[in-house]
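# Structural description and commentary
These are the residues of each chain, in order.
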Amino acid sequence: MSEYQNKAVKLLASTVSDGSLMDLNDRRDAFLHRALELYFAAGGTEDAIQPMVEKVYSASKPRVDIAVGDVLYKLAGIGHACDIDIIQAGYNKLDDAKQTFAGEHHHP
């Protein structure tokens, strides 16, 4: 795994239960939630979601590794169009989550 992925998983493990961390349903649902937030943040409309769902489910189910690659590829395009370094955005999220987690567990 990459350095970023290792750090993200370590932080995630400190914020969710071990069962949730390894539960594909939990990870998948959390991803869909964040993907829809990104779609909304980038100007996507609710009306366009159902036709996309129908298109995805009418095609053959891809392998997970191929689908992850496709997500990263398209995310790079969104980052480019919004002039955002997606890796830096990821590290910024890790820093923010660490600070939030530390604040929640800080007992003076």
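These numbers were taken from a predicted model, which means no experiment stands behind them.

Right, let's talk about the pattern of salt bridges for a bit. In total, this model carries 4 salt bridges according to the counting rule given. In this structure, Arg 28 engages Asp 29 in a salt bridge whose closest nitrogen and oxygen atoms are separated by 3.8 Å. Arg 28 sits in the partly exposed class, given a relative accessible area of 44%. The partner of Glu 37 in a salt bridge is Arg 34, with the nearest N and O atoms 2.6 Å apart. Linking Glu 37 with Arg 34, this pair stays in helix α3 (residues 24–41), spanning 3 residues, or about one helical turn. On the accessibility criterion, Arg 34 (51% relative accessible area) is exposed.

What follows is about the environment of Leu 21. Examined against the element boundaries, Leu 21 turns out to sit in helix α2 (residues 18–21). Sequence-wise, Leu 21 and Lys 10 are 11 residues apart; in three dimensions their C-alpha atoms are separated by 9.9 Å. When residues no more than four places from it in sequence are discounted, the contact partners of Leu 21 are Val 9, Leu 12, Ala 13, Val 16 and Arg 27.

About the thresholds
- Residues numbered from 1 in each chain as written.
- Predicted model: local features only at pLDDT ≥ 70, side-chain atom pairs only at ≥ 80, totals over all residues.
- Heavy atoms only, no water.
- Salt bridge = Lys/Arg side-chain N within 4 Å of Asp/Glu carboxyl O.
- Buried < 20%, exposed > 50% of the residue type's maximum accessible area, 1.4 Å probe, protein only.
- Helix = DSSP H or I, 4+ residues; strand = E, 2+ residues; numbered from the N terminus.
- Contact = heavy atoms within 4.5 Å.

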